[in-house]
Structure formats: C-alpha cells, structure tokens
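# A structural walkthrough
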Amino acid sequence: MKLSSVAISFAFITILIYAWRLLNWVWLRPKKLEKCLRQQGLNGNSYRFLHGDFIEMSRMIKKATSRPINFFDDIVERVLPFHDHSIKQYGKNSFTWSGPIPLVNIMEPELIRDVLLKHSAFGKPPPHPLGKLLASGIVGLEGSHWSERRKIINPAFHLEKLKTSWYRVPAFQLCCSEMVSKWKKLLSEDGSCELDIWPYLQNLTGDVISRTAFGSSYEEGRRIFQLQSEQTHLALQAIRSVYVPGWILPHRVCIGQNFAMMEAKIALAMILQRFSFELSPSYAHAPISVVTVQPQYGAHLILRRLKT
C-alpha cells in the first residue's frame, strides 16, 4: 500500500513537471519574450497560442500565389507577402512568430553586419527536421565546425581559381553550347519559336554541376536531379503545413556564388550571340519562393535567330 502511494505521488509529480514545461513553452516563455522585445522598441503581432503567425502567414501566401502580377509590380508582395505586410505595419526592425518562437527581423545595414560577423553570438535559425532533405553539409554546421569546413572549401570557389581552372570554363561552355543547340533545332523556318526556357536553365545548372564536380553529364544523372526537384517541392509542402515558411537555409554569404555567377555570365553571353528574345504573350509573371525565387508558371519567351 505504501509503495503504491509512492508510485502515485511520483507519477503525479512527473505529470506536473511536464505540464509546467509545456505551459512554459507554449505560453509563459513566449509572453515573457514578447514583453522584452517590446521594451527594446520592437513591434509585432501579439503572440497567439501555439501557432503564432502561422495561420495568417499561410493565408497570405495562398492568396498571393493564387494569381499572377503585373510585370513591373514589386515581387516582394508576392514572394514574401507576410514579411512585407509585417514590415509595412511594424517597421523595418520588428518581430514575427514561428509558433511559440519569436523571430526578429532587422533591415538596418549596421545591425545586419553585426549579425553576419558575430557568428558565436548569432547562430543559425534552428532547422526544420525535413531541412536535411534539402540541404546538408556545411550549410547545417555551426561554430568551429563551420569555420574549419568553410576554410577548406573556400579556395576552390575563389573567382580567380574558377577563371584559371583548366576544366571548369570549358565545361561551362560545353553545357551552354548543348543547350543553345537544342534551341536552334526548335526554330521554325522563319527562325523563331516560342519556348519555356525555365526547364532548360534548370537542366543547365544540373549539367554544369555534374560535369565540373563529378565528371558526368546531366543526361546520365537526369533521374537523380528530377528526384531532387520533387523532393524539394514535397519537403517544402510538409514544412509549410506545420512550420512557418522560410528560415530553412541560414544566413551568410553563399560559398558557391562565384561559381553560379560565372555560369550565368557564360550562358547569357552565348545566348545573346545567337538569339534575340522577348516575352511571349503567354508569359504570366508569377515569381514564387521555392528555396530560391522561381517563375511559378515558367518563363515563356519568343526566340529569334540572329542573322550572321
């Protein structure tokens, strides 16, 4: 009897402890943090139990992506509708809610610089569990592990190293040449055609990465890249159904930006040497955020062969 009473008391105390922790997580701590943020001059929505700003954000994204916009409209209102609304309502330095976690938005250059430089004080946002399906490796590291790995990888992506690399520039040129050759075959007798160039540009990126990093062509690994694309869309759908969209990838400068810029410059130069182009009447201007900003309905152009 005495042993049974002890067990019941222990179970009751355990339940109370976990109930207190749950209450603290979903209500007490968020309200305390909200008070601290407001005392520091930051504004934002009042904390809403458990879901924070998720419902409002999901509603705004669904509404914004339901229709195209005019070509010269500000794309921020469509790509990041909730954040755009929050900034307009509460100012450039404000906060939003990812469930019970407040996220501070800053837009002042000096403050941004402090965040980017002080890695130990400002860590990366906690990732969604499905984030590992989209990106891993250096992007998920922090602290000394991130610094050491970045130091090792950085030299391979220096601009001068890319320019002087004996195999990378020719690989870029070969990939771009194959793409424009496919376009030439689609031209009609008058030397023009309507084409959605977005899938070709996506394939070009996969081809360049395959040939420079792995020595294989994109065609040989097409199924892998298709699966990665499908995985990205499915993972983002799952993330948006439970977590607040965005904050998947951490801040800091992308290590591959020089690689990407060189690819883009070579591709654009080779396209302009062979074609003139204009927007097709069927083009719908609908930028959307899927890890990167992409055209929701493709990029339809009218291509015309240049006379040589």
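A brief report on the enclosed structure follows. Computed from a predicted structure; not experimentally measured. Each chain has its residues counted from 1, following the order in which its sequence is written. Per-residue local features are limited, in this predicted model, to residues with pLDDT of at least 70; the limit for side-chain atom pairs, both in listing and counting, is 80 or more; totals at the level of whole chains, interfaces and linings are taken over all residues. Hydrogens are left out, water is left out, and the side-chain values use all remaining heavy atoms of the structure.

### A few points about the sheet that holds strand β4 (residues 192-196)
- Should DSSP find at least two bridges between two strands, the strands are taken to pair. Think of it this way: any DSSP run of H or I at least four residues long counts as a helix, any run of E at least two long counts as a strand, and we number them from the N terminus. Overall, antiparallel pairing links the three strands, which are arranged β4-β8-β5 in an open sheet. In this open sheet, the two edge strands, each paired with only one partner strand, are β4 and β5 (275-279). Neighbour-to-neighbour, the strand axes of the sheet open up by a mean angle of 30°, direction not taken into account.
- When β4 meets strand β8 (residues 300-305), the two strands line up antiparallel, connected through five bridges. In the sheet register, Cys193 faces β8, and the bridge partner there is Leu303. An axis is simply a line fitted to the C-alpha atoms; with a helix, the fit covers only the stretch in contact. Between two such axes, the angle follows the N-to-C directions and lies from 0 to 180 degrees.

### Side note on the packing of helix α2 (residues 54-64) against helix α4 (residues 81-90)
- It is at 8 Å that the axes of α2 and α4 come closest, and there the two elements cross at 115°. Put simply, α2 runs roughly perpendicular to α4. Contacts between α2 and α4 involve Glu56, Met57, Met60, Ile61 and Ala64 from the former and Pro81, Phe82, His83 and His85 from the latter.
- Throughout, the ten residues Ala, Val, Leu, Ile, Met, Phe, Trp, Tyr, Cys and Pro are labelled nonpolar, Asp, Glu, Lys and Arg are labelled charged, and all others, Gly among them, are labelled polar. Of the residues in the contact of α2 with α4, the class split is six nonpolar, two polar and one charged. Every angle not falling under 35 degrees, over 145, or within 65 to 115 is termed oblique; those three ranges are roughly parallel, roughly antiparallel and roughly perpendicular. Any two residues whose heavy atoms approach within 4.5 Å are treated as being in contact.

### Observations regarding the sheet that holds strand β1 (residues 43-44)
- Taking strand neighbours across the sheet as the criterion, the three strands line up as β1-β2-β3 in an open arrangement whose pairing is mixed. Where the open sheet ends on each side, the last strands, each with one partner, are β1 and β3 (101-105).
- Where β1 lies against strand β2 (residues 94-98), two bridges are found, and the strand directions are parallel. Residue pairing across strands places Asn43 opposite Ser94, the latter belonging to β2.
- Together, β1, β2 and β3 form the strand contacts of α4, whose direction differs from that of β2 by roughly 140°.

### Observations concerning the nonpolar core
- Membership of the largest hydrophobic core comes to 23 residues, with the highest contact counts inside it found for Trp183, Leu204, Ile266 and Phe275.
- For this core, the secondary structure elements donating two or more residues are α9 (168-186), β4, α10 (198-214), α12 (257-272) and β8.
- Examining the composition of this core, we find that seven residues originate from one element, α9, more than from any other.
- With residues near it in sequence (within four places) discarded, Phe275 still touches Val180, Trp183, Lys184, Leu187, Leu303, Arg304, Arg305 and Leu306. Here the nonpolar core consists of buried residues drawn from Ala, Val, Leu, Ile, Met, Phe, Trp, Tyr and Cys, with membership extended through side-chain atoms lying within 4.5 Å. Three exposure classes are used, based on accessible area relative to the maximum for each residue type with a 1.4 Å probe and protein chains only: buried under 20%, partly exposed in between, and exposed over 50%.

### Considering unusual backbone geometry
- You will see that Leu50, though not glycine, has its phi angle at about 70°, which is positive.
- Along the chain, Leu50 turns up in the loop between β1 and α2.

### Structural notes on the pattern of salt bridges
- For salt bridges, the criterion is a side-chain nitrogen of Lys or Arg within 4 Å of an Asp or Glu carboxyl oxygen. If you walk through the whole model with that rule in mind, you get seven salt bridges.
- Here Arg48 and Asp53 are joined by a salt bridge, their closest N and O atoms 2.6 Å apart.
- Accessibility expressed as a relative area gives 1% for Asp53, which makes it buried.
- One connected set of salt bridges, linked through shared partners, spans Lys31, Glu34 and Arg38.

### Considerations on the pairing of strand β7 (residues 292-295)
- As judged from the four bridges shared by strand β6 (residues 287-290) and β7, these two strands associate in the antiparallel manner. Within β7, the position partnered with Ile288 by the bridge is Gln294.
- Connecting β6 to the antiparallel partner β7 that follows it, the hairpin turn spans one residue, and Val291 within it adopts a positive phi of roughly 70°.

### Digging into the packing of aromatic side chains
- Pairing of aromatic rings covers Phe, Tyr and Trp, the last counted by its six-membered ring, and requires centre-to-centre distances within 6.5 Å; plane angles under 30 degrees mean stacked, over 60 mean edge-to-face, and any other angle means tilted. Inspection of the entire model under this criterion finds seven aromatic pairs.
- Ring geometry for Phe95 and Trp97: centres 5.9 Å apart, planes at 90°, overall edge-to-face. The same class applies to Phe95 and to Trp97, which are both buried.
- Relative to Phe259, the ring of Phe172 lies with its centre 5.2 Å away and its plane at 90°, an arrangement referred to as edge-to-face. One end of the pair, Phe172, is in helix α9; the other, Phe259, is in helix α12, and 87 residues separate them in sequence.

### Quick look at the side chain of Glu34
- Take Glu34: it is sitting in helix α1 (residues 2-39).
- The residues contacting Glu34, other than those within four sequence positions of it, are Asn45, Ser46, Tyr47, Phe95 and Trp97.

### Re the environment of Gln296
- Secondary-structure assignment places Gln296 in the loop between β7 and β8.
- Its relative accessible area of 29% is what places Gln296 among the partly exposed residues.
- As for Gln296 and Trp198, which are separated by 98 residues in sequence, their C-alpha atoms are 10.0 Å apart.
- Those residues in contact with Gln296, other than ones at most four positions away along the chain, are Thr65, Arg78, Ala286 and Ile288.
- In this structure the side chain of Gln296 is engaged in a polar contact, spanning 3.5 Å, whose partner is the side chain of Tyr297. Here a polar contact means two N or O atoms within 3.5 Å. Within protein one must be a hydrogen donor candidate and the other an acceptor candidate, and residues neighboring in sequence count only if both atoms are side-chain atoms.

### Re α2
- Along α2, the residues that are buried comprise Phe54, Glu56, Met57, Met60, Ile61 and Ala64. Along the long axis of α2, the arc covered by the buried residues comes to 165°, so they all point the same way. Summarising the geometry of α2, the exposed residues directed more than 90 degrees from the buried face are Ile55, Lys62 and Lys63. Taking the helix axis as origin, the arc is that swept by the directions to the C-beta atoms.

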